[in-house]
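Observations on chain architecture
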Amino acid sequence: MVKKYNLKGPKIVVEPPGPKAKKALARKEKYVTNGIRIGLPTALDVAEGPFMRDVDGNVFLDFTVGIGVHNCGHRAPEFVKACQDQLDKFVHICVMVTPYEPYLELAEEMAKICPGKMTKSIFLNSGSEAIENAVKIARSYNKKKWILSYKTSFHGRTFLDISLTGKEKPYRDGFGPLVPYIQHLDYAYCYRCPLKLEYPSCNFACVDSIRTVMETKPMEGDVCALVAEPIQGEGGFINPPPGYWEKVRKVCDDNGVVLIDDEVQTGFGRTGKMWGIEHWKCDPDMLVSGKGLSLGMPLGGVTGKEDIMASPPPASLGGTFGGNPVCCAGALASIKLTKKAMPNTKMINKVEKKRLMEWKEQYEWVGDVRGLGAMLGMEFVKTKASKEAVPEFTRNVQLNCFKHGLYILTAGQFNNVIRLHPPLIIKQDLLEKGLDIIEAAMVEEAKKAGFS
Ligand SMILES: Cc1ncc(COP(=O)(O)O)c(C=O)c1O
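Here's what I pulled together on the structure shown here.

Structural notes on the pairing of strand β8 (residues 258-262)
- Of all the five residues making up β8, five are buried; the element is thus mostly covered by neighbouring parts of the structure.
- In β8, alternate side chains face the same way, and those of Val 258, Ile 260 and Asp 262 on one face and Leu 259 and Asp 261 on the other are all buried.
- Note: strand β7 (residues 223-228) against β8, four bridges, orientation parallel. Its bridge partner lying in β8, Ala 228 is registered against Asp 261.
- Note on the crossover from β7 through helix α8 (residues 244-254) to β8: the handedness is right-handed.

Written out as structure tokens, the structure is:
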């Protein structure tokens, strides 16, 4: 039996944080490390579909889905049932001891749904751990030294991941020395082109510069892998232009570089296709999955080409909990639910894009609107001409939405991007209600900030 709460909202009964939430937040201050920062200050009680109820009875509409995880809504009944059924069988043995059906079935499914000729997988506990493993496997495959990633990227929280991640604060700052032999490249962030060029007259000069890095000493002939998000998430929902990944693929092929596609945030239907990279004609060598892979049960995956995945020797990879049976059972349900939910991304894209583009026309502070499918965001600036980032305004819009019953996230190199992760199953009227809350919040906060 999957418990039902019939949550309806958004509905604010007491301004958050209410009295019970305040008590919870005080406990957080006392007992939880300072390194964990709270984005939206309340404490949750239950969640269902597109809604979450806090401990004071407020019901929020969730456009964060736990940072891009619950693509099919909170506690989708088929998902909960699949996990419950597995709990009733066995919870853990460790695949290194003895394999089990959900792990094997999931590996087989990943071979079917991943692009190109990627046929073998390993499952880990998180996206971060999956990135670690992908790089280890690439190293064991070609034995080369350098790993490339992008300046505005995000790849997780371990030492290797923060070394790959481009954003200094808050991810890397103060944690050094970081992992050596990593170099950051310019991403195709066309709104703020690092080369000060314009698409398409730039003729992909940024890809030429990647080639130069790979083909010049000290890296010449010694680049192991390029780790890349097909559309950057934390970086601010940056989608490279058509043709970009095809060209990067060619540069990697010419230099024997393993292309590792980080689909932790873009995967599982978020962009309207199963994988973000499928918007380009580019087959990666390895694909890293997480987040929506198991709809909230902790799971990450690496799926790759046969010869690459065969290269690490027996017992060189693994972990006690990686590919836990309950998480794998959840992931199998997630694949079915995601396939069912994906067509709805067309409606989400149409409704959001229309509204965001209207805002860009109408409001001076909406500098850029970007993304694909149900992964759309907008970048806030002081004026369109100056493109000056306004992180404080962005944060105030987020908190204003929260006070009115909507969860949204910020992102971006300058913390000035509002990103929208509505659940893929959302209905149009609810989506529009959320967008109304955002528009009212922007207008109110712009007035307070004295924007024109
Ligand atoms: C693109 C990308 N890669 C990797 C990660 C790390 O995943 P996890 O938080 O599950 O460790 C994230 C998390 O936000 C991500 O967005």
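As for the site of the ligand
- Residues in contact with the ligand, as listed here, are Ser 126, Gly 127, Ser 128, Phe 154, His 155, Gly 156, Glu 229, Glu 234, Asp 262, Val 264, Gln 265 and Lys 291.
- At 2.9 Å from an oxygen atom of the ligand is found a main-chain nitrogen or oxygen belonging to Gly 127.
- One of the side-chain N or O atoms of Lys 291 is found 3.0 Å from an oxygen atom in the ligand.
- A breakdown of the residues in the shell around the ligand according to their chemical character gives two nonpolar, six polar and four charged.

Some words on unusual backbone geometry
- A cis amide bond links Tyr 199 to the next residue, Pro 200, at an omega of 5 degrees.
- Of the consecutive residues Lys 217 and Pro 218, the connecting peptide bond is found in the cis state with omega at 10 degrees.
- Along the chain, Pro 218 falls in the loop between α7 (205-214) and β7.
- A positive phi angle, near 45 degrees, is found at Leu 295, a position not held by glycine.

Some words on the sheet that holds strand β9 (residues 286-289)
- Sheet architecture is open: seven strands sit in the order β4-β10-β9-β8-β7-β5-β6, paired in mixed fashion. The open sheet has two edge strands with one neighbour each: β4 (118-124) and β6 (182-185). The mean inter-strand angle of the sheet, taken between neighbouring strand axes irrespective of direction, is 20 degrees.
- One ladder, built from four bridges, connects β9 with strand β10 (residues 300-305); its direction is antiparallel. Bridge pairing in β10 links Ser 289 to Gly 301.
- Contacts between α7 and the sheet are confined to β5 (146-150), β6 and β7, with β5 contributing the most and set at about 160 degrees to the helix.

Some details on empty space enclosed by the protein
- Applying the stated criterion to the full structure yields two cavities of 30 Å³ or more.
- Taken as a whole, the largest cavity holds about 120 Å³ of empty space.
- Around the largest cavity, the lining comprises 15 residues; the ones closest to its centre are Ala 188, Cys 190, Cys 193, Cys 202 and Cys 206.
- Residues that form the lining of the largest cavity fall into these classes: 14 nonpolar, no polar and one charged.

A closer look at the side chain of Asp 285
- When you line up the elements, Asp 285 lands in the loop between β8 and β9.
- On the accessibility criterion, Asp 285 (7% relative accessible area) is buried.
- In terms of polar contacts, Asp 285 uses its side chain to reach the side chain of Arg 249, at 3.0 Å.
- Within the structure, Asp 285 has its side chain in polar contact with the backbone nitrogen of Leu 259 (distance 2.8 Å).
- Those residues in contact with Asp 285 that sit more than four places away from it in its chain are Met 118, Arg 249, Val 257, Val 258, Leu 259, Thr 303, Gly 304, Lys 305 and Ile 308.

What counts and what doesn't
- In this numbering scheme, every chain counts its residues from 1 along its sequence in written order.
- A pLDDT threshold of at least 70 governs which residues receive local features in this predicted model, and a stricter bar of 80 or more applies before side-chain atom pairs are shown or counted, although totals over entire chains, interfaces and linings include all residues.
- Water and hydrogen atoms were dropped before computing side-chain values, which therefore reflect all heavy atoms in the structure.
- Burial here depends on accessible area, computed with a 1.4 Å probe over protein chains only, as a share of the maximum for the residue type. Under 20% is buried, over 50% is exposed, and the range in between is partly exposed.
- The way it works is that DSSP assigns letters per residue, a run of H or I at least four long becomes a helix, a run of E at least two long becomes a strand, and they are numbered from the N terminus.
- Following DSSP output, two strands are said to pair if at least two bridges run between them.
- Classification remark: right-handed applies to a crossover when, strands pointing away from the viewer, the course from the first strand over the helix to the second runs clockwise.
- Being near a molecule or strand, for a residue, comes down to having at least one heavy atom within 4 Å of it.
- Definition of a polar contact: a pair of N or O atoms within 3.5 Å, with one able to donate and the other able to accept a hydrogen when the atoms are protein atoms, and with sequence-neighbouring residues admitted only if both atoms are side-chain atoms.
- Gly is put with the polar residues, along with every residue not named as nonpolar or charged; the nonpolar set is Ala, Val, Leu, Ile, Met, Phe, Trp, Tyr, Cys and Pro, and the charged set is Asp, Glu, Lys and Arg.
- Axis definition: a line fit to C-alpha positions, over the contact stretch in the case of helices; interaxial angles, taken between N-to-C directions, run 0 to 180 degrees.
- Any two residues whose heavy atoms approach within 4.5 Å at even a single point are treated as in contact.
- Both site types are read off a 1 Å grid over the protein atoms alone. A 1.4 Å probe that fits but cannot get out defines a cavity, while an open set with protein on both sides within 12 Å along at least five of seven lines defines a pocket; lining residues have an atom within 4 Å of a point.
- Grid points are joined across faces, edges and corners, and a volume is the space filled by probe spheres set on the points.

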